[in-house]
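# Structural overview for review
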Amino acid sequence: MRLEDEWAANEERLLREAGTLGGLLERIRGLFSPRLIHDREWEGLAGRAAELPPTLAAFPLWLGFPLDEPREGTELCVSVVGGTRSAAFFRDWGSARISRRESIENSDPSTASIASLLEQTGPQDSPLRRVAGDRVLLEHGLDAAKPHRRRGPEVSLYPIRSTLAGDPTGGRLRDLGVALDAIDAATGREPDAAARRQVERVYLALDPHTRIGGIGVLPSQTRGTRLTGLGFVGIRDVAAFLERAEWPGRPGAVVSLLSGLEHRRALDGMHLGVHFEVNADGVGPTLELHVFCRNTMYENQGWFKDKRYWSPLMDGLRQEGLTVPEKLSELAKWSSGSRVLFGRSGPFVALQRIHHFKFVLAEDRIHRIKGHVFLLMCGGGPRPSTGPEGTGSRRSARAR
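In this text the structure is predicted, and so the values were computed from the model without any measurement.

Turning our eyes to something else, we now look at the environment of L258. Topologically, L258 is positioned in the loop between α10 (251-257) and α11 (259-263). Here the alpha-carbon distance between L258 and I235, two residues 23 residues apart in the chain, equals 7.6 Å. When near neighbours in sequence (up to four residues on either side) are disregarded, L258 contacts I235, L289, F359 and I366.

Let us look at the packing of aromatic side chains. This structure, assessed with the given rule, holds six aromatic pairs. Judged by centre distance (5.2 Å) and plane angle (40 degrees), the rings of F232 and F241 are tilted. The exposure class assigned to F232 is buried, which follows from its relative accessible area of 1%. An angle of 10 degrees between the planes, with centres 6.2 Å apart, marks the rings of F241 and F276 as stacked. Remark: F276 occurs in strand β7 (residues 270-279) and F241 occurs in helix α9 (residues 235-244); sequence separation between them is 35 residues. We note that F241, like F276, is buried. Three or more aromatic residues link up through ring pairs in this structure, and these residues are F32, W42 and W334. Here the basic side chain of R13 rests over the ring of F348, its NZ or CZ set 4.0 Å away from the ring centre.

Where a protein is soluble and globular, its nonpolar side chains tend to be buried together. L21, F32, F241 and F357 are the most contacted members of the largest nonpolar core, which has 98 residues in total. Residue contacts for F241: discarding those within four places in its chain leaves V202, A205, L206, F232, V274 and F276.

Conventions and cut-offs
- Residues numbered from 1 in each chain as written.
- Predicted model: local features only at pLDDT ≥ 70, side-chain atom pairs only at ≥ 80, totals over all residues.
- Heavy atoms only, no water.
- Helix = DSSP H or I, 4+ residues; strand = E, 2+ residues; numbered from the N terminus.
- Contact = heavy atoms within 4.5 Å.
- Phe/Tyr/Trp six-rings, centres within 6.5 Å; stacked < 30°, edge-to-face > 60°.
- Buried < 20%, exposed > 50% of the residue type's maximum accessible area, 1.4 Å probe, protein only.
- Lys NZ or Arg CZ within 6 Å of the ring centre and 35° of its normal.
- Core = buried A, V, L, I, M, F, W, Y, C linked by side-chain atoms within 4.5 Å.

See below:
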């Protein structure tokens, strides 16, 4: 069976399981310990996902939750891949608004942005598709402590691996411009020359072994571009980039804050990423440091590696007293591999893995540590293949 046919069959089955993604998540709620996502967070998660189609579970779902003392702050990230039922949901939504002569300014900004980006990546010869593939990601940030605060999701493009590799000569700035132009058009915001120069400056600060792995925006905001840099090896590699990028914090403090983990060799074999916002004034003060397992980063198995690869990092976090031990234990238990679920249309295989860890740093301290997990629901039959992280192609759309 072709991969596209497998996707279509899986999406069709998920439509028979629940009317919305929120309804589907409620049905699999038992997969998660309340130590990781408690009841109030689940209510917010299901409520936000009730606006999305259940077919999104046929592709990677990422859930992030705090591993330190604070209980709130769950994140939900989903993939929308071109040519799928999920993509049609957003496309048809956009067409319906146009047929009623409703402008993008009067519609939900994130949904309208997704529809626009999918339209731009649709043609095989699309310049945007060449840069970023045919996939758009949505990341919802939830805070049960502020249930009435409804921040729209971050909408992101994930450039194909080599497209925006570091190039101090500026030879790839045109491709960066293609992605930025597409995001401006999709969000309806006016191009900002000063902000564009700052984004270009940050890109030029990358070394050739690193790359731009994500370009995102909050459509509900008129300014700010969120960049994700990937491929850093070691904390000092990150600090050197932050210095070149003129991050307003103290790069040396990042090294100090994580030196204990480095001393315990908890970061050996890890690949690091940075995520921050860039606007006309430069780089924002809050830094997200993402920690991926390098052993899973570039192999065809994608993210389906044994949890033992994460053991040194989890042991280091426990020994440094940076996280709640019980949460780490539940996370290790959760990422057991796969389990069979029996739905209305037959059995599903739920693939469960750790995806990455996130450290949120600002004001010379660690504000939050989160664990992010990968969940994919597959119908009966062979387990789907996955490609390397962030390639952006349809064949690899299952793994970020």
